Amino acid sequence: MPTTATTGVTDVPTETVDAWGMNTSSKSPVIRPRSVDELRTALMQARKPGSCAGLRGAGCSYGDASLNSDGLVLDFTGMREILAFDPETGVLDAEPGVTIEQVWRHALPHGWWPPVVPGTMYPTLGGCAAMNIHGKNNFQAGTIGRHIREFDLILADGSMRTCSRDLEPELFRAAIGGFGMLGVFTRISLQLRRVSSGDLWVQPITRPNLTELVAYFEDHWEASDYLVGWIDGFGGGRGVIHQAWYLNPDEDEATKRTLTEEHQDLPARLFKVIPRSWLWWGLWCFFHRPGMRLVNAIKYWLGRRSAKHLRRHRQALVGFSFLLDYLPGWKHAYKPGSFIQYQTFVPKENAVAVFEAQLRLAKEHGVQPFLGVLKKHLPDPFLMTHAVDGYSLALDFPLARDGKDRMWRLARAMDDVVLEGGGRFYLAKDSTMTPEVFEAAYPDEALRRFRDLKRELDPASLFQTDLSRRLLTPSTR
Ligand SMILES: Cc1cc2nc3c(=O)[nH]c(=O)nc-3n(C[C@H](O)[C@H](O)[C@H](O)COP(=O)(O)OP(=O)(O)OC[C@H]3O[C@@H](n4cnc5c(N)ncnc54)[C@H](O)[C@@H]3O)c2cc1C
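These numbers come from a predicted model, not from an experiment. (Residues numbered from 1 in each chain as written. Predicted model: local features only at pLDDT ≥ 70, side-chain atom pairs only at ≥ 80, totals over all residues. Heavy atoms only, no water.)

A. Quick peek at the site of the ligand. Lining the immediate environment of the ligand, one finds 34 residues, of which Leu55, Cys60, Ser61, Thr124 and Tyr426 sit closest. At 3.2 Å, a backbone N or O of phenylalanine 179 approaches an oxygen atom of the ligand. One nitrogen or oxygen atom from the side chain of lysine 375 is found 3.1 Å from an oxygen atom belonging to the ligand. Calculation on the ligand without its partners gives an accessible area of 970 Å², and the protein chains cover 98% of this total. If you list the elements that add at least two residues to the shell around the ligand, you get β3 (53-56), α3 (125-131) and β10 (184-191). No other element matches α3, which puts four residues into the shell around the ligand. A class-by-class count of the residues in the shell around the ligand yields 19 nonpolar, twelve polar and three charged. In terms of domain composition, the shell around the ligand takes at least three residues from each of domain 1 (14-77 + 453-476) and domain 2 (82-194). (Near = heavy atom within 4 Å. Polar contact = N/O pair within 3.5 Å; in protein donor to acceptor, adjacent residues only side chain to side chain. Areas by Shrake-Rupley, 256 points an atom, 1.4 Å probe, with all protein chains shown as cover. Helix = DSSP H or I, 4+ residues; strand = E, 2+ residues; numbered from the N terminus. Nonpolar A, V, L, I, M, F, W, Y, C, P; charged D, E, K, R; others polar. Domains from an automatic or database assignment.)

If you want it as structure tokens, here you go:
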């Protein structure tokens, strides 16, 4: 494999590194350290003139957050050891490349579940901490940062800091959600959640528009463990909510069985016949506007039917939490194009108006979302938090190979509406933001403090990504 001179790094094979949404990629030398010592050696390479280090977990961020066209990519999938787990307390210590999947497989048989999970089980703990991810329970559990007890962080000069709410509290609040700009997580200590069953109670509910969906969330969030809304972007914002609760200790007569991996594992075949890995081919036939209009309509009507006939029912934690993993490779249905996700977080008093305006703008620009997801959020204490006291709407937009200009014009129009409504964006999903929008979306004081920390801890800007170069002006990188 060739080596690259443009990045200042030699003797390291160059690879194509893709964004998860397939909408951009970089050609970079990639090093996969397997230990802290190997990481320190890799950082020496990255310090060579003309280079820098972009950190990468499983690469599940939709845009350019873990790409680095101007330097080295440090990929942590080789540091994937669970270092310690106490089945009495549910505290798990792990290397940064340990995935959410590894965590649940290790801990669930002992009655512990990751307190916050994204919609897929493949991200790493390092990537989840760096983006301070949220789940369908954000309004109850907060972001993953709330459950991180402590971490070790290697700084740009190679020194290590141990951070917690008591030790280095400011760095603790800044590195969680700091999108890999302040240092490398090399150990994360996470408090898991006790569960007395491997199942949840789940209740589907349909509502004809966004106003009623949000009203349902407002009326029921205090008495729910999970709430998530699927939105039909073609149908003006009607949707299906899934409300879920953990089981009480006396509700599962077969706890031992429901906590097993066998009970949780998604079936390899649909209806015991069709391999799940084939399903995206079927989906591919519908991945155009008329097809997805139909799929969304069918999904809504099926949701109505099951809401009527299927009252509260039980579903395995994995099936409920990682629905998208049921369809391995589903993103390839967007080919030969790709897609972006545009997720906005808006204070609750403005959420419906802003989300309705977004859907209206999408229709006017002729780029309608194939998938929409509504969640409820709470503010959190982390410096670069994306969460607000309100709601988020995540919209998946197809990106035809010649469709970039149109999509970016739509993003600019939606940015204005979101900013007017006091909203924010999420770096893990972002592909379209400009430095001006980034500046406007975050409180001045938070941005100033983040930049000060970056200058103090990483004066030569060792840690960079395509995303950071896109959003942070050179004087503040
Ligand atoms: C299908 C799907 C569903 C999703 N659902 C959700 C959801 O419900 N909620 C949510 O919040 N997110 C969701 N995400 C986004 C995902 O959780 C985040 O992008 C997460 O950061 C991905 O982790 P990763 O290991 O793939 O990290 P990457 O995407 O590789 O990197 C993410 C960031 O972490 C940094 N980083 C990686 N490793 C380290 C390290 N060791 N130290 C310091 N920084 C590091 C990178 O530089 C980058 O800035 C979803 C993604 C997908 C693909």
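From this point, things continue past the structure.
B. Geometry of the nonpolar core. Trp113, Phe151 and Phe397 are the most contacted members of the largest nonpolar core, which totals 107 residues. Built from parts of two domains, this core gets at least three residues from each of domain 1 (14-77 + 453-476) and domain 2 (82-194). With near-sequence residues (within four places) excluded, phenylalanine 151 lies in contact with Arg161, Thr162, Cys163, Leu171, Phe172, Ala175, Ile176, Phe185, Arg187 and Ile188. One finds Leu39, Ala53, Ile154 and Val184 within the second-largest nonpolar core, a separate group that totals 17 residues. (Core = buried A, V, L, I, M, F, W, Y, C linked by side-chain atoms within 4.5 Å. Buried < 20%, exposed > 50% of the residue type's maximum accessible area, 1.4 Å probe, protein only. Contact = heavy atoms within 4.5 Å.)

C. The arrangement of the domain arrangement of the protein chain in detail. Taken domain by domain, the protein chain holds domain 1 (14-77 + 453-476) and domain 2 (82-194). Spacing between the C-alpha centres of domain 1 and domain 2 amounts to 20 Å. Taken together, the contacts link 23 residues of domain 1 with 25 residues of domain 2. Interface area for domain 1 against domain 2, summed over the two sides, is near 1900 Å², with a carbon-plus-sulfur share of 76%. (Buried area = accessible area lost by both parts, 1.4 Å probe.)

D. Representation of the pairing of β3 in the model. Covered by surrounding structure in β3 are Ala53 and Leu55 together with Gly54 and Arg56, the residues of both alternating faces. In this structure, β3 lies alongside strand β4 (residues 72-75), joined through four bridges in parallel fashion. Among the inter-strand pairings, glycine 54 is bridged to a residue of β4, identified as valine 73. (Pairing = 2+ DSSP bridges.)

E. Here's a closer look at the sheet that holds strand β19 (residues 371-377). Taken together, the eight strands give an open sheet; going across it, the order is β17-β12-β14-β13-β19-β20-β18-β21, and neighbouring strands pair in antiparallel fashion. Only two strands of the sheet have a single neighbouring strand rather than two, namely β17 (313-316) and β21 (424-425). With six bridges joining them, strand β13 (residues 226-231) and strand β14 (residues 239-246) adopt antiparallel strand pairing. Of the residues in β14, the one forming a bridge with glycine 229 is isoleucine 241. Each of β18 (338-347), β19 and β20 (390-399) touches helix α12 (residues 348-364); the most contacted strand, β18, lies at about 150 degrees to it. Packing against the sheet, helix α13 (residues 404-420) makes contact with β18, β20 and β21, and its axis sits at approximately 5 degrees to β18. (Axes fitted to C-alpha atoms, helices over the stretch in contact; angles between N-to-C directions.)

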